[in-house]
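Structure at a glance
One letter stands for each residue in the lines below.
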Amino acid sequence: MKKIFIVSWWIDASNYKNFEEYLRNEEFNPYEEKVFWWKDNLQDDLWVWFEVIKIPMPNKWFAEYKYWKIMFEKAFPYFWEENILIWHSLWWCFLLKYLEENELKNISQIHLIAPAVFDSDDEILWSFKFDEKLENFKRFENIVNVYHSKDDDVVSFDDCKYLKGVLKNANFEIFEDKWHFIFEEHIEGLVENIKK
């Protein structure tokens with residue numbers, strides 16, 4: 001069985017005085033029910049040959065690498081011989097930084113849904129510096145699929161154009177009217193690319 005790990009929004013850090021301590025003590029339940037539209041339908045679409053596990057992350061207002069690293073590594077006991085990573089929007093910047101510092105084995109596919117590169121002021125996102133990390137990430141480009149819609153006003157389509165110029169061997173699925181894929185029940189091409 002192949003395992004698919006979806007990284008998704010989770011919790012507002014302002015609810016906790018010591019957020020890092022809270023995360024370290026938080027029990028990770030990959031099977032907890034959450035409502036994420038296409039992310040929920042993915043298990044049904046792929047049926048028994050794949051197991052879909054959702055990795056919760058602090059939201060973008062608390063986009064600190066040290067917090068995300070805690071939650072990401074809580075999923076490691078569930079990693080299998082062949083793993084597929086799906087990252088939506090902002091969260092893939094964490095993956096760039098993590099892969100620069102750590103080796104991840106048994107990753108067969110990486111799917112980036114509306115991946116953010118620049119913020120609204122065209123400045124590099126938060127504490128994640130992209131220049132050298134994208135060069136480092138190019139070693140994965142043959143297993144990368146990028147999905148982006150031209151009408152996305154959360155993550156500009158310019159970000160997709162930028163990635164296309166860097167990850168020349170990645171597969172790009174371009175849409176006209178899927179916005180930020182938040183309310184889509186299915187993402188066209190995602191299931192097919194996973195099954196390839």
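Above this note sits the structure.
In what follows, the accompanying structure is described. (Residues numbered from 1 in each chain as written. Predicted model: local features only at pLDDT ≥ 70, side-chain atom pairs only at ≥ 80, totals over all residues. Heavy atoms only, no water.)

Another aspect to go through is helix 4 (residues 92–101). Burial within helix 4 is extensive, with 8 of its 10 residues counted as buried. What helix 4 keeps buried is the set Trp92, Cys93, Phe94, Leu95, Leu96, Lys97, Tyr98 and Leu99. (Buried < 20%, exposed > 50% of the residue type's maximum accessible area, 1.4 Å probe, protein only. Helix = DSSP H or I, 4+ residues; strand = E, 2+ residues; numbered from the N terminus.)

Met57, Phe72, Trp87, Trp92, Leu104 and Phe137 are the most contacted members of the largest nonpolar core, which has 44 residues in total. No other element matches the 7 residues that helix 4 contributes to this core. The next biggest cluster of nonpolar side chains, apart from the first, holds 17 residues, and it includes Leu42, Phe50, Ala114 and Ile194. (Core = buried A, V, L, I, M, F, W, Y, C linked by side-chain atoms within 4.5 Å.)

On to the packing of helix 3 (residues 65–73) against helix 4, then. It is at 11 Å that the axes of helix 3 and helix 4 come closest, and there the two elements cross at 80°. Relative to helix 4, helix 3 is oriented roughly perpendicular. Contacts between helix 3 and helix 4 involve Tyr65, Trp68, Lys69, Phe72 and Glu73 from the first element and Phe94, Lys97, Tyr98 and Glu101 from the second. Per-class residue counts for the contact of helix 3 with helix 4 are 5 nonpolar, no polar and 4 charged. (Axes fitted to C-alpha atoms, helices over the stretch in contact; angles between N-to-C directions. Parallel < 35°, antiparallel > 145°, perpendicular 65-115°, else oblique. Contact = heavy atoms within 4.5 Å. Nonpolar A, V, L, I, M, F, W, Y, C, P; charged D, E, K, R; others polar.)

Under the counting rule described, the total for this entry stands at 16 aromatic pairs. Ring centres of Phe94 and Tyr98 lie 5.5 Å apart, and the angle between their planes is 35°; on these two criteria the pair is classed as tilted. Residue Phe94 and its partner Tyr98 are located together in helix 4, separated by 4 residues, close to a single helical turn. The class of Tyr98 is buried, set by a relative accessible area of 3%. (Phe/Tyr/Trp six-rings, centres within 6.5 Å; stacked < 30°, edge-to-face > 60°.)

Moving on to the environment of Pro58. Its location among the elements puts Pro58 in the loop between strand 2 (50–57) and helix 3. What makes Pro58 buried here is its relative accessible area of 0%. For the pair Pro58 and Phe19, spaced 39 residues apart in sequence, the C-alpha to C-alpha distance is 9.7 Å.

On the surface, Trp47, Val48 and Trp49 cluster together into a nonpolar patch covering about 390 Å² of accessible area. Considering the arrangement of structural elements, one finds Trp49 in the loop between helix 2 (38–46) and strand 2. (Patch = residues over 30% accessible without salt bridge, like charges linked within 9 Å, V, L, I, M, F, W, Y side chains within 5 Å. Areas by Shrake-Rupley, 256 points an atom, 1.4 Å probe, with all protein chains shown as cover. Salt bridge = Lys/Arg side-chain N within 4 Å of Asp/Glu carboxyl O.)

Our focus in this paragraph is the environment of Leu23. By the element assignment, Leu23 lies in helix 1 (residues 19–25). Counting along the chain gives 34 residues from Leu23 to Met57, while the straight-line C-alpha distance between them is 9.7 Å.

Mapping Glu176 onto the fold places it in the loop between strand 6 (171–175) and helix 7 (190–195). On the basis of relative accessible area, Glu176 is assigned to the exposed category, the value being 53%. Discounting residues that sit within four places of it in the chain, Glu176 has contacts with Ser149, Lys150 and Asp151. There is a polar contact of 3.3 Å between the side chain of Glu176 and the side chain of Lys150. (Polar contact = N/O pair within 3.5 Å; in protein donor to acceptor, adjacent residues only side chain to side chain.)

Once that is clear, we can look at unusual backbone geometry. Of note in the backbone geometry, Asn106 takes a positive phi value of approximately 60° without being a glycine. Counting through the fold element by element, Asn106 comes out in the loop between helix 4 and strand 4 (107–113). One non-glycine residue, Trp179, adopts positive backbone phi at about 50°. The topology assignment puts Trp179 in the loop between strand 6 and helix 7.

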